[in-house]
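In case you want the letters, here they are:
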Amino acid sequence: MSLARSLRAVPIFMVALLSLLLGGCGYNDFQRLDEQTKAAWSEVLNQYQRRADLVPNLVATVKGEASFEQETLTRVVEARARATAIQVTPETLNDPQALQRFQEAQGSLGSALSRLLVVSESYPTLKSNQGFQDLRVQIEGTENRITVARNRYIQAVQQYNTLARSFPSNLTALALNYSIKPNLSVNNEAQLSQPPAVDFQKK
Amino acid sequence: MMRSPGLACSVLRMALWAFTLASLCGLAYGQALQAIPPLSARIIDTTATLKTEQVQAIEARLRAFEVARGTQIVVLMVPTTAPEDIADFTQRVGDAWKIGRRDIGDGLLLIVARNDRTLRIAPAKALEGAIPDLAARQVIDRTIVPRFREGDFAGGIDAGLSRLMALIAGEALPEPRGAGGTARFASDWTDALVLLLVAIPVIARRLANWFGRKLACLLTGLGAGVLTWAAGAGVILILLSVPLAVLWGLIATMAVWRVHPGRQHGSWGNPNGRSGTWSEGGFRSGGGGNFGGGGASGRW
């Protein structure tokens, strides 16, 4: 009788042990950091979206400048169309290729925008246009927020990956099939390693 | 974290490896970024540009604003932010100081890099609605920069702060907690603990001089109960606080502990000791400010 009772207690004991082990091997940490990376990613998307929302206004303002370089303008419009066409949900976030495409699209929008802002410097009417200057401040602020949001996402992923790769929590990751998350990278690495070409000859 | 004892050795080895790696990485990472000064006041001028009385005036203004509205504003003036630009430097300062009330996060930074001739206004996320990037830019361009161009740093900062305070005043932020102290006990457990550990023995000892030891401890216990009740605590907590305070009072008034009666009396003299975030001399960050990169930069 008492043996049967103690045998019945075994599953309960096993469950208690398992939950202790899971807690000890970072199961809860995985959940917490996973949520943290998702939240950080949402903030990244949020800020990219804000930039994409500002672009049409900017384009409309610049179009008022009749002599504006059409090529620069169309590049911005096209880059925005491409950037907004690629949607990255937290689920596709684990796919390095999708992340890469998303980054390239957003990166080309960023460079097209900065090119437009640089070119606009040589148009006095644009420079004195208050609406354009206001949009410019907002775009600069958004770019800054994107940088911060990306930075926080990178840190969140780094924490998650550290947990997934370090012992003993890597065993939990192995058992429950938690893979390492791809992190953001600089997409024009080759370009950045070149020293900037400064040409004082023009103008 | 619970770990199986059999793994302790490998864990230790991993920790050693991790430490070595971390220190190596630290060497590689250690670029000469500008050090962030400790948060010692509401206005910190490491360039010694402002006169002492100007610093005091601005400090007083910022303190008055914090008392009235709760929002923490800090002005930092540094020589340069190189090798970073001012936005990155401000972000680091914001992340390090986290100024703004803990549960509201309403902090605002005004950073001036004098030799770079740049400045930045950075609201924490809670204030991004009150001070959008455009508003920050307008304050910089229209209010601060014209005065800075004439070399009037104190005037520029002061006028800029007026505009920023007006913007914040327009935002419906929660009122600051009462300065009475009792309201803080309900949420702030460290205060309650400090009260339990420091105030009770001091009060009990003082009362013991007048009423005798046992009566004094009973009175202290009742007082603690009333305080807990006033702070809005539950029945269990109130019932628990009375005997605890009596017990602690009894221990504190024991003969052994009365060797240096004069020492405690001195520390009781400061009426501001329990006021929390803003005591007269020092300044403490609320720790709630989350800086998300908002705000605007400018140059003069």
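In what follows, the structure referred to is the one given above.
Computed from a prediction, not measured in an experiment: that's the story for all the values here. (Residues numbered from 1 in each chain as written. Chains lettered and ligands numbered in written order. Predicted model: local features only at pLDDT ≥ 70, side-chain atom pairs only at ≥ 80, totals over all residues.)

Check the secondary structure of chain B and you find ten helices and five strands. Out of the 300 residues belonging to chain B, those deemed buried represent 33%. Counting contacts in chain B only where the partners sit at least 6 residues apart, residues at least 24 apart contribute 70% of the total. (Helix = DSSP H or I, 4+ residues; strand = E, 2+ residues; numbered from the N terminus. Buried ≥ 20, exposed ≤ 12 C-beta atoms within 10 Å, placed from the backbone. Contact = placed C-beta atoms within 7 Å.)

As a further point, take the overall build of chain A. Scanning chain A from terminus to terminus reveals eight helices and zero strands. Starting at the N terminus and ending at the C terminus, chain A contains elements arranged as α-α-α-α-α-α-α-α. Counting every position in chain A, which comprises 203 residues, the buried fraction comes to 26%. Pairs at least 24 apart in sequence give 76% of the contacts found in chain A among residues at least 6 apart.

This paragraph deals with helix 3 (residues 70-85) of chain A. All names here are of chain A. Across its 16 residues, helix 3 extends 23 Å between first and last C-alpha, which sits within 8% of the 22 Å expected from 1.5 Å per residue. Those residues of helix 3 that sit buried are V76, A79, R80 and A83. Taken down its axis, helix 3 places every buried residue within 105° of arc, on the same side. In helix 3, the exposed positions that point more than 90 degrees away from the buried face belong to Q70, E71, T74 and A85. If you follow the buried residues of helix 3, they end up packed against helix 2 (27-63) and helix 4 (96-120). (Expected span 1.5 Å × (residues − 1). Arc of directions from axis to C-beta.)

With that settled, the discussion passes to the sheet that holds strand 2 (residues 72-78) of chain B. Adjacent strands of a sheet pair through backbone hydrogen bonds, lying either parallel or antiparallel. Residue and element names in this part refer to chain B. Pairing is mixed in the open sheet, where five strands are placed in the order 1-2-3-4-5. The open sheet has two free edges, formed respectively by strand 1 (43-45) and strand 5 (296-299), since each of these has just one partner strand. Going across the sheet, the axis of each strand differs from the next one's by a mean of 10°, ignoring polarity. Sheet analysis places strand 3 (residues 107-113) next to strand 4 (residues 118-123), joined by six bridges and oriented antiparallel. (Pairing = 2+ DSSP bridges. Axes fitted to C-alpha atoms, helices over the stretch in contact; angles between N-to-C directions.)

Time to look at the pairing of strand 2 of chain B. Residues and elements named next belong to chain B. Here strand 2 lies mainly inside the structure; seven of its seven residues are buried. Residues Q72, V74, L76 and V78 point to one face of strand 2 and I73, V75 and M77 to the other, with burial holding for every one of them. Pairing of strand 1 with strand 2, which is carried by three bridges, proceeds in the parallel orientation. Bridging from a neighbouring strand, D45 pairs with M77 of strand 2. Since strand 2 and strand 3 lie parallel, the crossover through helix 3 (residues 86-97) that links them has a hand, and here it is right-handed. (Right-handed = clockwise from strand over helix to strand, strands pointing away.)

This brings us to the environment of V59 of chain A. All names here are of chain A. Within the secondary structure, V59 sits in helix 2. Between the alpha carbons of V59 and L113 there is a distance of 10.0 Å; along the sequence they are 54 residues apart. Those residues in contact with V59, other than ones at most four positions away along the chain, are L73, V76 and V77.

What follows deals with the environment of I200 of chain B. Residue and element names in this part refer to chain B. For I200, the location among the structural elements is in helix 7 (residues 189-211). For I200, a count of 24 C-beta atoms within 10 Å puts it in the buried group. For the pair I200 and W248, spaced 48 residues apart in sequence, the C-alpha separation works out to 7.3 Å.

All names here are of chain A. Inspection of the secondary structure assignment puts V55 in helix 2. Separated by 58 residues in the primary sequence, V55 and L113 place their C-alpha atoms 8.4 Å from one another. Filtering out sequence-adjacent residues up to four positions away, V55 remains in contact with V76 and R80.

With 46 residues, the main nonpolar core has V75, L76, L109, L110, I111 and I121 of chain B as its most contacted residues. Elements represented by at least two residues in this core include exactly helix 2 (52-69), strand 2, helix 3, strand 3, strand 4, helix 4 (133-149) and helix 5 (153-169) of chain B. For I111 of chain B, the residues in contact, after removing those within four places along its chain, are L76, I86, T90, V93, L119 and R120 of chain B. Within the second largest apolar cluster, 34 residues are counted, among which are W41, V62, L116 and V148 of chain A. (Core = buried A, V, L, I, M, F, W, Y, C linked by C-beta atoms within 7 Å.)

The amide bond that connects F167 of chain A to the next residue, P168 of chain A, takes the cis arrangement and shows omega of 5°. Topologically, P168 of chain A is positioned in the loop between helix 6 (130-165) and helix 7 (169-176). With an omega of 10°, the peptide bond between A82 of chain B and P83 of chain B qualifies as cis. Examined against the element boundaries, P83 of chain B turns out to sit in the loop between strand 2 and helix 3. Phi angles above zero are rare outside glycine, and N177 of chain A is one such case at about 60°. Counting through the fold element by element, N177 of chain A comes out in the loop between helix 7 and helix 8 (189-193). A residue is classified by how many C-beta atoms lie within 10 Å of it, and N177 of chain A, with 6 of them, is exposed. The phi torsion at R117 of chain B lies on the positive side, around 55°, for a residue other than glycine. With respect to the secondary-structure elements, R117 of chain B resides in the loop between strand 3 and strand 4.

A few words now on the packing of helix 2 of chain A against helix 6 of chain A. Any two packed helices are characterised by the angle at which their axes cross and by the distance between the axes. Residues and elements named next belong to chain A. It is at 8 Å that the axes of helix 2 and helix 6 come closest, and there the two elements cross at 160°. In terms of orientation, helix 2 lies roughly antiparallel with respect to helix 6. Both helix 2 and helix 6 take part in a crossing whose hand is left-handed. Residue classes in the contact of helix 2 with helix 6 are distributed as 18 nonpolar, nine polar and eight charged. (Parallel < 35°, antiparallel > 145°, perpendicular 65-115°, else oblique. Left-handed = near helix turned anticlockwise from the far one by under 90°. Nonpolar A, V, L, I, M, F, W, Y, C, P; charged D, E, K, R; others polar.)

For the rest of this paragraph, the subject is the pairing of strand 3 of chain B. Residues and elements named next belong to chain B. Across the seven residues that make up strand 3, a large majority, seven, are buried. Both faces of strand 3 are covered, namely the face carrying G107, L109, I111 and A113 and the face carrying L108, L110 and V112. The sheet contact formed by strand 2 and strand 3 spans seven bridges and is parallel. In the strand pairing of strand 3, I73 is matched with L108.

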